[in-house]
Amino acid sequence: MEKKDILKKIKKIEIKSTILSNTIFAGEYHSCLKGNGMEFSDIRRYSQGDDVKKIDWKVTAKQGKAYIKEFVEERELPVFLLVDMSYSDRFEDKKNLISELVATLAFSANKNGDRVGALFFTEKVEKVIPLKKGKKHILSIIENLLLYNPKYKGTNIKEALRYFGKIFKKRGIVFIISDFLDNDFEKEIKILKNRHEIIPIQILDKKYDAIPKGAIFSLEDSETGEEIIVETLKNELSLQSLQLKGSIKIDINDDYVKALTNYFRKGKKI
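Below is a summary of the structure that appears in this document. (Residues numbered from 1 in each chain as written. Predicted model: local features only at pLDDT ≥ 70, side-chain atom pairs only at ≥ 80, totals over all residues. Heavy atoms only, no water.)

## Focus: the nonpolar core
Counting residues in hydrophobic clusters, the biggest one holds 43 residues, and the most contacted among them are L81, F175 and I201. If one sorts the elements of this core by residue count, helix α3 (residues 92-111) sits on top with nine residues. Counting 16 residues, the second-largest nonpolar core is a separate cluster that includes F168, V174, I176 and I189. (Core = buried A, V, L, I, M, F, W, Y, C linked by side-chain atoms within 4.5 Å. Buried < 20%, exposed > 50% of the residue type's maximum accessible area, 1.4 Å probe, protein only. Helix = DSSP H or I, 4+ residues; strand = E, 2+ residues; numbered from the N terminus.)

## Observations regarding the environment of K170
Tracing the backbone shows K170 in the loop between α5 (157-167) and β6 (173-178). According to the relative accessible area criterion, K170 is exposed, its value standing at 52%. Sequence spacing of K170 and L77 is 93 residues, and the spatial spacing of their C-alpha atoms is 9.0 Å.

## Some remarks on the packing of aromatic side chains
Aromatic ring pairs are defined here through the distance separating the ring centres and the angle between the ring planes. If you walk through the whole model with that rule in mind, you get five aromatic pairs. Measuring from ring centre to ring centre gives 4.4 Å for F80 and F168, while their planes differ by 50°; the resulting arrangement is tilted. Here F168 lies in the loop between α5 and β6 and F80 lies in strand β3 (residues 79-84), a separation of 88 residues in the sequence. For F168, a relative accessible area of 17% translates into the label buried. Between the aromatic rings of F120 and Y148, the centroid separation amounts to 6.1 Å while the plane-to-plane angle is 55°, which identifies the pairing as tilted. Of this pair, F120 sits in strand β4 (residues 116-121) while Y148 sits in the loop between α4 (135-147) and α5, and the two are 28 residues apart along the sequence. A residue is classified by how much of its surface remains accessible, and F120, at 1% relative accessible area, is buried. An aromatic cluster of three or more residues is present, and its members are F80, F164 and F168. (Phe/Tyr/Trp six-rings, centres within 6.5 Å; stacked < 30°, edge-to-face > 60°.)

Pasting the structure below:
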């Protein structure tokens with residue numbers, strides 16, 4: 001795709017996602033994900049009437065006088081977009097959906113004043129885009145997503161989550177966008193949930209859920225290149241992908257606006 005075609009595509013995604021983030025998601029996004037925690041602000045001397053539960057006993061012991069911790073409500077949380085760039089997620093329909101999802105979430109976060117960062121992964125972590133604010137930064141994320149050519153074909157969600165957990169310690173909102181055609185990553189999600197708000201978005205394609213009976217197929221794994229022969233002369237073969245518990249499930253033929261809106265309006269995991 002030529003540069004001018006990429007720019008046209010980015011502009012089209014920008015217009016659509018901006019409208020959606022302004023008219024549909026902004027209010028629900030804010031009420032669902034903001035103001036849901038407290039963060040440390042300062043330490044000061046204890047005054048009569050202060051809550052004794054807030055006393056910092058270590059500082060008190062060192063100073064010989066009572067000190068308390070002050071906290072403020074978290075008004076801003078960084079938003080991270082972890083995007084699966086493996087070959088199974090790069091069919092044209094899936095790529096278009098993922099691009100619009102990333103843009104809509106990023107513009108919604110930007111409208112709320114949040115910093116946004118992204119991490120692209122395959123079987124390795126391939127690219128990290130630092131946290132920033134502003135429309136120019138959001139457009140840069142979209143452009144990177146559309147133009148990036150992955151070095152690897154496979155998927156390793158566990159490796160991506162481990163890497164993220166090591167480099168981002170401060171609490172944030174983490175959207176994981178993938179078809180989740182991988183194994184042994186559930187433990188890493190649970191570990192990250194101790195610090196972050198984790199929201200998996202599972203991209204599905206119903207037309208690949210099953211192979212009809214009465215045929216012989218030659219199939220090639222898009223990630224490994226391995227070719228296998230499959231026969232379904234007697235029975236239909238199920239290819240249904242992992243149904244990840246607690247994820248927002250979006251089929252490429254469904255209305256992703258409805259799925260995201262339902263999630264944000266409920267204010268809790270589906």
